[in-house]
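Each chain, letter by letter, is given below.
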Amino acid sequence: MGIVEKIKEIEDEMARTQKNKATEYHLGLLKAKLARYRAQLLEPTTKSGGAGTGFDVQKSGDARVALIGFPSVGKSTLLSKCTHTVSESAAYEFTTLTAIPGVLEYEGARIQLLDLPGIVEGASQGRGRGRQVVATAKTADLILIMLDATKSEEQRRLLEIELDAVGIRLNKKKPDVVFKRKTTGGITINKTVPLTKTDEKTIRSILASYKLHNCDVMIREDITTDEFIDVLIGTRKYMPCLYVYNKIDAISLERMDKLAREDHTVVISCELGLNLDYLIERIWDELGLVKVYTKKRGAHPDLEDPICLRKGASVEGVCNGIHRSLAANFRYALVWGKSSKFNPHAQKVGLNHHVADDDVVSIFTK
């Protein structure tokens, strides 16, 4: 029996099993086994095939956004409208057969937009180059799930299932659990909150199924069985996601209003160019980037070419963004903007000072 058949067998057994307190332990073991088989499925086979065409593209710009969706939902049209890249689009499915990159420019920042081939149901098990598509999506900083507003909500659910199966967790934060292996001493489980969604017996059985008999586990939040398995596996990717509903020109105003009010959702029409500016703004907000401008002594700030950093970045990050050797010779920096205590005047700061969006930084070296 192959891995795909084993996965199907476990999924069928989980579907047949009633969810209650008595079956919680049994379902926990099944989930652990399922996660292990899915991890094996995603591992590349040892046999090396012949030379083929490359799929992933080199990461460039300040951030990467991956477009994922079923065929013919408007991914290539969106790429062509938002960037200067022409991605082939036609009235038939599977027009795009490889990853096509484009560059989206927003207030001086350069964001790489990646048009991935349409995925089909069963992509996580390798159907229709699906494994390569979702593996490439893992390298992105944000996922845009393109959906057809004229179709049912089932399309969204199916895409979430496929991404979940390959270890991509959408709009979720990493569970606050510390797991540490040791050589002797057995299993020690400490928790700072009462567990209502799982219990200690289930956690111990999952650890035993992974052949972990000596470890320390510290649980700081009320987690589920699935979240504990994610911590054990350790290869899960927690990513922000925007659901983009295209073709809103073909639905009623009531339906469009309902979709637009959902969390992490934007409604657009690529054909008519509706709401694309707002989509670009939302992409920027979800990426959580800050723009920092540099200033030479005695000169005006360079407002044309900002340095883009993650929120919470320090002056050291600005130094590394300019040149790697700058931090080693750093003496002090002057900062103008929201992060300055004396705004609108400059503040003299060190390497650990956190910068804010639209700050101006002047660096002085030894």
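Remember, it's a predicted structure, so these values are computed and weren't measured experimentally. (Residues numbered from 1 in each chain as written. Predicted model: local features only at pLDDT ≥ 70, side-chain atom pairs only at ≥ 80, totals over all residues. Heavy atoms only, no water.)

### Observations concerning the environment of Ile 7
The condition is simple: Secondary structure elements are defined from DSSP: runs of H or I of at least 4 residues count as helices, runs of E of at least 2 residues count as strands, and each element is numbered from the N terminus. Throughout this description, buried means an accessible area under 20% of the type-specific maximum (1.4 Å probe, protein chains only), exposed means over 50%, and partly exposed covers the range between.
Inspection of the secondary structure assignment puts Ile 7 in helix 1 (residues 3–16). A relative accessible area of 1% means that Ile 7 is categorised as buried. C-alpha separation for the pair Ile 7 and Ala 35, spaced 28 residues apart in sequence, amounts to 9.1 Å.

### A few points about the pairing of strand 8 (residues 215–219)
Selection criterion: Strand pairing is assigned whenever DSSP identifies at least 2 bridges connecting the two strands. For a crossover, the right-handed case is the one in which the path from the first strand over the helix to the second runs clockwise, viewed with the strands pointing away from the viewer.
Side chains Cys 215, Val 217 and Ile 219 of strand 8 all project onto a buried face; the interleaved residues Asp 216 and Met 218 project onto a face where none is buried. Across 5 bridges, strand 6 (residues 177–181) lies against strand 8 in antiparallel orientation. Following the sheet pairing, Lys 180 is matched in strand 8 by Asp 216. Crossover connection from strand 7 (residues 187–191) via helix 6 (residues 200–209) to parallel strand 8: handedness left-handed.

### Some thoughts on the confidence of the model for the protein
As a note on interpretation, predicted positions should not be read in detail where pLDDT is low. Here is the rule: What pLDDT reports is the predictor's confidence in each residue, on a scale of 0 through 100. Note on contacts: a residue pair qualifies if any of its non-hydrogen atoms lie within 4.5 Å across the two residues.
For the protein, per-residue confidence averages 85 on the pLDDT scale, and residues scoring 70 or more make up 89% of the total. Contacts from residues 50–54, a stretch scored under 50 in pLDDT, to residues over four places away or in other chains number 2 contacts.

### Quick word on the pattern of salt bridges
Note the threshold: The term salt bridge refers to a side-chain nitrogen of Lys or Arg lying within 4 Å of a carboxyl oxygen of Asp or Glu.
Taken as a whole, this structure holds 22 salt bridges when the rule is applied. Glu 160 is the partner of Arg 156 in a salt bridge, and the nearest nitrogen-oxygen pair spans 3.6 Å. Residue Arg 156 and its partner Glu 160 are located together in helix 5 (residues 154–165), separated by 4 residues, close to a single helical turn. The closest approach of N and O atoms between Arg 156 and Glu 262, which form a salt bridge, is 3.0 Å.

### Considerations on the packing of aromatic side chains
Condition: Classification of ring pairs uses Phe, Tyr and Trp, with its six-membered ring standing for Trp, and accepts pairs whose centres are within 6.5 Å; under 30 degrees between planes counts as stacked, over 60 as edge-to-face, and the remaining range as tilted.
Summed over the entire model, instances satisfying the criterion amount to 2 aromatic pairs. A ring pair is formed by Tyr 106 and Trp 284, whose centres lie 5.4 Å apart and whose planes are at 40°; its orientation type is tilted. Linking Tyr 106 in strand 2 (residues 100–106) with Trp 284 in helix 9 (residues 276–287), this pair joins segments that are 178 residues apart in sequence. Residue Tyr 106 is classed as buried on the basis of its relative accessible area of 17%. The class of Trp 284 is buried, set by a relative accessible area of 7%. Each ring, one from Tyr 332 and one from Phe 364, has its centre 4.7 Å from the other, and the planes form 15°; the classification is stacked. In this pair, Tyr 332 sits in strand 14 (residues 330–336) while Phe 364 sits in strand 16 (residues 359–365), placing the two residues 32 residues apart along the sequence. Note on Tyr 332: relative accessible area 18%, which makes it buried.

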